[in-house]
Amino acid sequence: MKKNYKKLPTAKETLDIINKPWCTSEDISILTGFGETKSAAIKKEINDELRNQGFRVIDNYVPTDRLIVYLNLNIEYLKKVSDIISEYE
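Cut-offs applied
Residues numbered from 1 in each chain as written. Predicted model: local features only at pLDDT ≥ 70, side-chain atom pairs only at ≥ 80, totals over all residues. Heavy atoms only, no water. Helix = DSSP H or I, 4+ residues; strand = E, 2+ residues; numbered from the N terminus. Buried < 20%, exposed > 50% of the residue type's maximum accessible area, 1.4 Å probe, protein only. Contact = heavy atoms within 4.5 Å. Expected span 1.5 Å × (residues − 1). Polar contact = N/O pair within 3.5 Å; in protein donor to acceptor, adjacent residues only side chain to side chain.

(A) Fine view of the side chain of Ser-29. Tracing the backbone through its elements, the reader meets Ser-29 in helix H2 (residues 25-32). A residue is classified by how much of its surface remains accessible, and Ser-29, at 10% relative accessible area, is buried. Apart from the residues within four sequence positions on either side, Ser-29 is in contact with Lys-6, Phe-34, Gly-35 and Ser-39.

(B) Region of the structure containing the environment of Leu-8. Relative to the helices and strands, Leu-8 is located in the segment before helix H1 (11-17). Along the backbone, Leu-8 and Ser-29 are 21 residues apart, and their C-alpha atoms lie at a distance of 9.3 Å. Those residues in contact with Leu-8 that lie beyond four places of it in its chain are Ile-30, Leu-31, Thr-32 and Gly-33.

(C) View of helix H5 (residues 75-88). Taking 1.5 Å of rise per residue, the 14 residues of H5 would be expected to cover 20 Å, and the 20 Å separating its terminal C-alpha atoms lies within 8% of that figure. Measuring from the backbone nitrogen of Glu-76 back to the side-chain oxygen at the start of H5 gives 3.3 Å, which picks out Asn-74 as the cap.

Here's what the structure looks like:
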């Protein structure tokens, strides 16, 4: 059986998603291409780490800055690619 893969977002779409203070499991799913279960697990892992550090968390959200670090997103690269693509549109 062939596995269906989700389409990953473009650089601009990625920047649009991370341009807010909090992300949901749905945002994580869009950014990673993972399903609902894996995305929720990532959100839980980040929030559990924050709780262990003494922070309070909002269960339905994860701080975007922590998600960027977790996913190792290179914002400068995304901006550069987005700018290049915008020039040709």
